[in-house]
Amino acid sequence: MIVPALIGSLPRPIGLAKKLEQYYIGRLDEKKLEEAYREYTKRAFEKLRDVKIKIITDGLYRWDDIFNPFIRFIEGVEVNGLFKFYENNFFYRSPVVKGELSLKENPIPEWISIAQEIKEEVYPEAKLKAVLPGPVTLAYHSINEYYKTLTELAEAYAWVIGELIKELDVKIVELQEPSLATEISEATRNIEENVDKEVAKNIIEDLGKKKKLWVVTYFGTPQVLPEGVILNVDLIDGSVPEKYNGEIGLGIVDARTTKMERADRLRDKIRKHLAKFETIYVTPNTLLDFLPESVAWKKLRLLGKLGGE
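Residues numbered from 1 in each chain as written. Predicted model: local features only at pLDDT ≥ 70, side-chain atom pairs only at ≥ 80, totals over all residues. Heavy atoms only, no water.

A. Structural view of the overall build of the protein. Looking only at helices and strands, the protein has 9 helices and 11 strands in total. The globule rule puts the C-alpha radius of gyration for 309 residues at 19 Å, and the 19 Å found for the protein is close to it. Along the first, second and third principal axes, the C-alpha atoms of the protein reach 50 × 50 × 35 Å. Counting all 309 residues of the protein, 57% fall into the buried class. Considering only contacts in the protein between residues 6 or more positions apart, those separated by 24 or more positions represent 73%. Surface accessibility of the protein: about 14,000 Å² in total, with carbon and sulfur atoms responsible for 45%. Across the protein, 46 positive and 50 negative side-chain charges occur, with their mean positions spaced 7 Å apart. (Helix = DSSP H or I, 4+ residues; strand = E, 2+ residues; numbered from the N terminus. Rg over C-alpha atoms; globule rule 2.2 N^0.38 Å. Buried < 20%, exposed > 50% of the residue type's maximum accessible area, 1.4 Å probe, protein only. Contact = heavy atoms within 4.5 Å. Areas by Shrake-Rupley, 256 points an atom, 1.4 Å probe, with all protein chains shown as cover. Lys, Arg positive; Asp, Glu negative; His and termini not counted. Charge placed at Lys NZ, Arg CZ, Asp CG, Glu CD.)

Right, dumping it as structure tokens:
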């Protein structure tokens, strides 16, 4: 069975971006901004219903990148500097780790509950995932000024994420973990230290005991294969590891180019894996933020046509 699914974020609509600009300069109050977030989330869910995407996220309209604002809700972290997100014209604010990590009170569980309410109103048959940065990717993209090793930092992030996961009103939590698939030199501003692969595997599997995890990798072939999760693999810049036998998501639509794929060629690509995997989730290969909004929706519509085959 083929199930179309969204991973990560949607491009922020121009109308919502204008509302945020008004808010930042003091021309829109917080109540009106919240109304805008809800309205654009509702529109996104209606569109996802129309293009037949069965497993969805809230589009991360409240997020600036995959790390922010989550890292602002962690004690022991400061936010500083803009860095390029891998080899893309896309930037993120870096976590600077100054002390022991712990979770602050934060609005993310409420945001997810709001999204669930909207989904139940406009697209009740869909499954909603919460999206969080994964502990390994967080460690590699942090400036570590406190923990002895990057592995210890990844473990600390995993503990914080585990505390938050327990509060989320969803059955599936998506972890953005591109660092499980990319080379260190490409991923982390030439940091030479590695997170121990066995530890990386163990901390993700431990998180998976709290909620069902959908682990999204991209920009390469996964080098860490946690068990008991749905592993999303980028088929544009990577491949499915031969020894992987768990649940699988295939990133078959290229989210870094406006060129449209052909449905028949996508079906051929999927067909190679149907003998091994009973259910295949088909997704973009990475975040849709890299595309214009109109193109992103065309790509999602194409994925929706593959469902049920």
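B. Seen up close, the pattern of salt bridges. With the rule as written, the count across this model stands at 19 salt bridges. One salt bridge in this structure joins Arg 43 and Glu 39, with 3.2 Å as the shortest N-O distance. On the criterion of helical spacing, the pair formed by Arg 43 and Glu 39 is a turn pair, its members being 4 residues apart in helix 2 (residues 30-50). The class for Arg 43 is partly exposed, based on a relative accessible area of 39%. Of the charged contacts in the structure, one is a salt bridge between Asp 237 and Arg 256, with a shortest N-O distance of 2.9 Å. With Asp 237 in the loop between strand 9 (230-234) and strand 10 (247-253) and Arg 256 in the loop between strand 10 and helix 8 (263-274), this pair connects stretches of sequence that are 19 residues apart. Here the residues in one salt-bridge network are Glu 34, Arg 38 and Arg 62, joined through shared partners. (Salt bridge = Lys/Arg side-chain N within 4 Å of Asp/Glu carboxyl O.)

C. Looking closely at a positive patch on the surface. Positive charge collects at one region of the surface, where Lys 52, Lys 54, Arg 301 and Lys 305 lie side by side. Its place among the elements puts Lys 52 in the loop between helix 2 and strand 2 (55-56). A relative accessible area of 48% places Lys 52 in the partly exposed class. (Patch = residues over 30% accessible without salt bridge, like charges linked within 9 Å, V, L, I, M, F, W, Y side chains within 5 Å.)

D. Quick look at unusual backbone geometry. The linkage connecting Asn 68 with the following residue, Pro 69, adopts the cis geometry, with an omega of 20 degrees. Following the sequence through the fold, Pro 69 ends up in the loop between strand 2 and strand 3 (74-84). Non-glycine residue Lys 52 carries a positive phi angle of around 70 degrees. We note that Leu 60 has phi near 55 degrees; this positive angle belongs to a residue other than glycine. Looking at the element boundaries, Leu 60 is found in the loop between strand 2 and strand 3. Given a relative accessible area of 8%, Leu 60 falls into the buried group.

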